[in-house]
Amino acid sequence: MSQAEGASSNQTGKSARIARQVVLPFGKSLEISIKSIKVRFFRSMITVASLVLAVAFLSFILTGANVAAGLLRSGEPQLRLALVEAGYDLPSLPPPGVAPQDEAGKLSASPKERWIVILSLLVCTVGIVNAQLMAVTERFREIGTMKCLGALDRFILRLFLLEAGMQGLVGAFIGAILGVVVGLLVGLVRFGLAAAANLSPLDVLATLGISVAVGAGLSLLGVVYPAAVAARMRPIEAMRAQE
Amino acid sequence: MAEAHNIVRVAGVARTFTMGTQVVQALRGVDLTIKAGEYLSIMGPSGSGKSTLFNMIGGLDKPSSGKVFIDEVDIAQLDAYELAWLRNRKIGYIFQTFNLIQVMTALENVTLPMTFAGASQDEATEKGLELLGLVGLRERHAHRPQELSGGQQQRVAIARSLANTPAIILADEPTGNLDLTTGEEIITLLKRLSSERGVTVISATHDYKMLNVSDRVVWIRDGRIDKIEERSELDITVGGIGAREA
C-alpha cells in the first residue's frame with residue numbers, strides 16, 4: 001500500500017525519484033514457466049531424459065542395497081549364503097555378537113558402484129548446464145523483450161529456476177520409480193520371492209525420497225549459472241538479436 | 001501546458017564503444033529536445049549513430065558523457081529497479097522484429113506489462129482486450145504469434161506498447177520487416193494513436209513513408225545531428241529525396 005501511495009505522491013514532484021513498483025506474482029511466474037515447458041515440450045524431455053537415467057541408476061543401486069539388507073535382516077542362513085554367492089562382501093556365518101540389524105545397516109553399495117553413481121550424476125549435471133545454456137541462448141530475444149517490458153533480473157531468474165525445478169521433480173520422480181522397479185525385478189530374479197517378502201517398505205520409501213531429492217537438487221544446481229546469465233542480460237540485446 | 005512539457009531532453013550526449021583495440025565514436029555530442037505528444041522520426045543511414053541515440057532515449061543504454069532526461073529525470077541516476085519501472089510505465093517499445101513472446105497468446109503478450117505493473121488479472125484482461133480492439137485484433141486474442149501475419153504481430157506489439165499508457169512509444173524500424181501496404185497501415189495506426197492519445201512517438205527508421213506523418217524529422221550523420229526539419233518544411237524535401245532516389 002505504501003508503495004502505491006509513494007507512486008502518486010512522487011508523480012506530482014517531477015524531479016523526485018521514480019516510485020518503485022514492479023511485480024510478478026508467484027502464481028503468474030508459475031503459469032509462465034509451465035507454458036514455456038509445454039511449448040518446448042520436446043526440448044524439455046531431452047533435458048529431463050539424462051536426469052531420468054542418472055536418477056534411475058541411483059535408485060536402482062539403492063534398491064539393490066535395500067533388497068540385500070532385507071534378506072540379511074531375515075536372519076535365515078540360506079539367504080545369507082545366497083547373498084555371499086551373489087558377491088556381497090560378508091562372512092558366510094554371522095559374526096558373533098553383531099545383530100543382523102547392524103550388519104544390514106553397513107551393507108551398502110560397493111565403492112565401485114558408488115563411484116559410478118556419483119560419476120553418472122555429475123555427467124548428468126553437466127548435461128543439464130549445457131542444455132539450459134542453450135535454452136538461454138535460444139531465448140535471448142524473449143528475455144530481452146521481457147526486460148524491455150519492465151521485468152527485473154529476479155523475475156527472469158525465478159522463471160528459469162521454476163522451470164528447472166519442475167523439470168527436475170518430474171524427471172527425478174520418473175527416474176526414482178524406474179530405478180526401484182528395475183532394482184526389485186533384478187532382486188526377484190537373483191533371490192526369488194524372498195527378495196520382495198523381506199524388503200522393508202520404509203527402506204524403499206527412503207530410496208525414493210533420496211533419489212527425488214538428489215535429482216531435483218541437481219536440476220536446480222545445473223540451472224543456476226545459465227539462469228544467472230539470462231537474468232544479467234541487458235535489455236538492449238532484444239533490439240540487437242536479429243532472426 | 002501539457003504540450004509545452006519536454007518529455008525527453010538529450011544534452012551533449014556522446015557515446016563511445018570499444019571494439020577490440022579500436023574506440024568507435026557512435027555519438028559525438030547530440031542535443032535534442034522532444035516535446036510531449038510529438039511524432040518524431042530519427043533518420044539516418046546505418047552506422048550513423050541513429051540506433052545508439054535511439055537506445056539512449058529508451059533508457060536501454062547509458063551515455064559515455066552528457067545527459068539524457070526522461071520526464072526531467074536523469075536516467076543515469078536511476079538504479080536497476082527504477083529503470084525497470086521506467087521501461088514498464090513510461091515507455092512502450094516497438095521492435096523491428098515484433099518481439100512478441102512466442103509462448104504466449106496475443107492477449108497474454110499485451111497483458112504482461114500490466115502484470116508487471118501490479119494490475120489484477122481481470123483488470124489486465126479487460127484493458128488488454130480493449131487495446132487489441134483498438135488495433136483491430138480483438139477477435140484474434142487467443143492466437144499465438146506464429147498464427148498471425150507480420151502486420152498483425154506488429155499490431156499486437158503496438159497494443160502491448162500501450163499497455164500501461166506510457167508517455168513515450170519508441171519504435172525501432174517498426175516497418176522494417178513488413179511489406180509496403182502493411183507498413184503503411186502500421187504507420188497510419190501509430191499516427192492515429194499518437195494524435196488520439198497524445199502519446200509521444202519516437203521512431204528510428206529508414207522508411208520515407210514515415211516522413212509524411214512526422215511532426216519533426218531528425219537526421220543523424222556521423223554521430224551528430226545533421227539537420228532537424230519541421231513538418232512544414234518536409235513536403236518539399238520529400239519530393240527532393242524522391243527525385244534523388246529515382
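The structure under discussion appears in the preceding block.
Cut-off values and rules
- Residues numbered from 1 in each chain as written.
- Chains lettered and ligands numbered in written order.
- Predicted model: local features only at pLDDT ≥ 70, side-chain atom pairs only at ≥ 80, totals over all residues.
- Heavy atoms only, no water.
- Contact = heavy atoms within 4.5 Å.
- Buried area = accessible area lost by both parts, 1.4 Å probe.
- Salt bridge = Lys/Arg side-chain N within 4 Å of Asp/Glu carboxyl O.
- Polar contact = N/O pair within 3.5 Å; in protein donor to acceptor, adjacent residues only side chain to side chain.
- Helix = DSSP H or I, 4+ residues; strand = E, 2+ residues; numbered from the N terminus.
- Nonpolar A, V, L, I, M, F, W, Y, C, P; charged D, E, K, R; others polar.
- Buried < 20%, exposed > 50% of the residue type's maximum accessible area, 1.4 Å probe, protein only.
- Arc of directions from axis to C-beta.
- Axes fitted to C-alpha atoms, helices over the stretch in contact; angles between N-to-C directions.
- Parallel < 35°, antiparallel > 145°, perpendicular 65-115°, else oblique.
- Left-handed = near helix turned anticlockwise from the far one by under 90°.
- Patch = residues over 30% accessible without salt bridge, like charges linked within 9 Å, V, L, I, M, F, W, Y side chains within 5 Å.
- Areas by Shrake-Rupley, 256 points an atom, 1.4 Å probe, with all protein chains shown as cover.
- Lys, Arg positive; Asp, Glu negative; His and termini not counted.
- Charge placed at Lys NZ, Arg CZ, Asp CG, Glu CD.
- Phe/Tyr/Trp six-rings, centres within 6.5 Å; stacked < 30°, edge-to-face > 60°.
- Lys NZ or Arg CZ within 6 Å of the ring centre and 35° of its normal.
- 1 Å grid on protein atoms, 1.4 Å probe; cavity = no way out; pocket = protein on both sides within 12 Å on 5 of 7 lines; lining within 4 Å.
- Points joined across faces, edges and corners; volume = space filled by probe spheres on them.
- Pairing = 2+ DSSP bridges.

Chemist: Could you give me a rundown of the interface of chain A and chain B, with the residues and numbers involved?
Modeler: With 39 residues of chain A in contact, the opposing surface of chain B contributes 39 residues. Of the roughly 3600 Å² buried between chain A and chain B on both sides combined, carbon and sulfur atoms contribute 62%. Here chain A and chain B share 2 salt bridges between them. Here B:Asp61 and A:Arg234 are joined by a salt bridge, their closest N and O atoms 3.6 Å apart. Taken together, the connections running from chain A to chain B amount to 9 residue pairs in polar contact (both at pLDDT 80 or more). Those elements that place two or more of their residues in the side of chain A that touches chain B are helix H2 (26–39), helix H7 (140–148), helix H8 (153–191) and helix H11 (236–240) of chain A. Per-class residue counts for the side of chain A that touches chain B are 20 nonpolar, 6 polar and 13 charged.

Chemist: Please set out helix H4 (residues 77–85) of chain A residue by residue, giving values where relevant.
Modeler: All names here are of chain A. Residues of H4 that are buried: Leu79, Arg80 and Leu83. Here the buried residues of H4 occupy an arc of 105° about the axis, which is enough to place them on one side. Exposed side chains of H4 directed beyond 90 degrees from the buried face belong to Pro77 and Glu85. Two residues or fewer after H4 comes Gly87, characterised by a positive phi angle close to 105°.

Chemist: Help me get a handle on the packing of helix H5 (residues 150–161) of chain B against helix H6 (residues 180–197) of chain B, residues and values and all.
Modeler: Residues and elements named next belong to chain B. The interhelical angle for the contact between H5 and H6, taken along N-to-C directions, is 15°, at an axis separation of 10 Å. Between H5 and H6, the interaxial angle falls into the category roughly parallel. As for how H5 packs across H6, the hand of that crossing is right-handed. Residues Gly151, Gln154, Arg155 and Ile158 of H5 pack against Thr182, Ile186, Leu189, Leu190 and Leu193 of H6. Of the residues assigned to the contact of H5 with H6, the class counts are 5 nonpolar, 3 polar and 1 charged.

Chemist: Lay out a negative patch on the surface in plain terms, naming residues and giving numbers.
Modeler: A cluster of acidic residues, B:Asp122, B:Glu123, B:Glu126 and B:Glu130, forms a negative patch on the protein surface. Summarising the element assignment, B:Asp122 is placed in helix H4 (residues 121–134).

Chemist: Give a description of the environment of B:Thr175 that names residues and reports values.
Modeler: Residue and element names in this part refer to chain B. Structurally, Thr175 is set in the loop between strand S7 (168–172) and H6. On a C-alpha basis, the gap between Thr175 and Gln102 in space is 20 Å, while along the polypeptide they are 73 residues apart. When sequence neighbours within four positions are dropped, the list of residues in contact with Thr175 reads Gly183, Ile186, Ile187 and Asp207.

Chemist: Please give an account of the packing of aromatic side chains that cites residues and values.
Modeler: By the definition in use, this model includes 2 aromatic pairs over all chains. When the ring of A:Phe155 is compared with that of B:Phe116, the centres are 5.3 Å apart and the planes differ by 40°; the resulting orientation is tilted. You can see A:Phe155 sitting in helix H8 and its partner B:Phe116 sitting in helix H3 (residues 106–116), one on each of two chains. B:Phe116 matches A:Phe155 in its accessibility class, with the two residues each being buried. Arranged with centres 6.3 Å apart and planes meeting at 15°, the rings of B:Tyr93 and B:Phe95 form a pair that is stacked. For the pair B:Tyr93 and B:Phe95, a shared accessibility class is recorded, and that class is buried. Just above the ring of B:Phe69 sits the side chain of B:Arg9; from NZ or CZ to the centre is 4.3 Å. In this arrangement the basic side chain of B:Lys227 is found over the ring face of B:Trp219, its NZ or CZ atom lying 5.2 Å from the centre.

Chemist: Any chance you could break down empty space enclosed by the protein for me, citing the residues and the numbers?
Modeler: Empty pockets left among the atoms are what a rolling probe the size of a water molecule brings to light. Residue and element names in this part refer to chain A. All told, the structure shown has 6 cavities of 30 Å³ or more when counted by the stated rule. Of all the elements in the fold, those that place two or more residues in the lining of the largest cavity are H2, helix H3 (41–73), helix H6 (111–138) and H8. Across the lining of the largest cavity, the residue classes tally to 4 nonpolar, 5 polar and 4 charged.

Chemist: Tell me about the sheet that holds S7(B), and name the residues and values.
Modeler: All names here are of chain B. Strand order in the open sheet formed by 6 strands is S6-S7-S8-S3-S9-S10, and the pairing between neighbours is mixed. Here the strands that pair on one side only, and so sit at the sheet edges, are strand S6 (91–94) and strand S10 (224–230). Here the average twist between neighbouring strands, direction ignored, is 15°. One ladder, built from 4 bridges, connects strand S3 (residues 39–43) with strand S9 (residues 216–221); its direction is parallel. When the bridges of S9 are listed, Ser41 appears paired with Val217.

Chemist: How would you sum up the pairing of S10(B)? Please name residues and give values.
Modeler: Where a strand is regular, its side chains alternate between the two sheet faces. Residues and elements named next belong to chain B. Bridging between S9 and S10 involves 6 bridges; their strand directions are antiparallel. The residue bridging Val217 from the neighbouring strand is Glu229, located in S10. A loop of 2 residues connects S9 with S10, the two strands running antiparallel in sequence, and Asp222 in this loop sits at a positive phi of about 50°.

Chemist: Could you give an account of unusual backbone geometry, naming the residues involved and the relevant values?
Modeler: Residue and element names in this part refer to chain B. Despite not being glycine, Asp71 shows a phi value in the positive range, around 55°. Looking at the secondary structure, you find Asp71 in the loop between strand S4 (65–70) and strand S5 (73–74). Overall, Asp71 belongs to the buried group, its relative accessible area being 12%. Positive phi is not limited to glycine here, since Glu72 has a value of about 65°.

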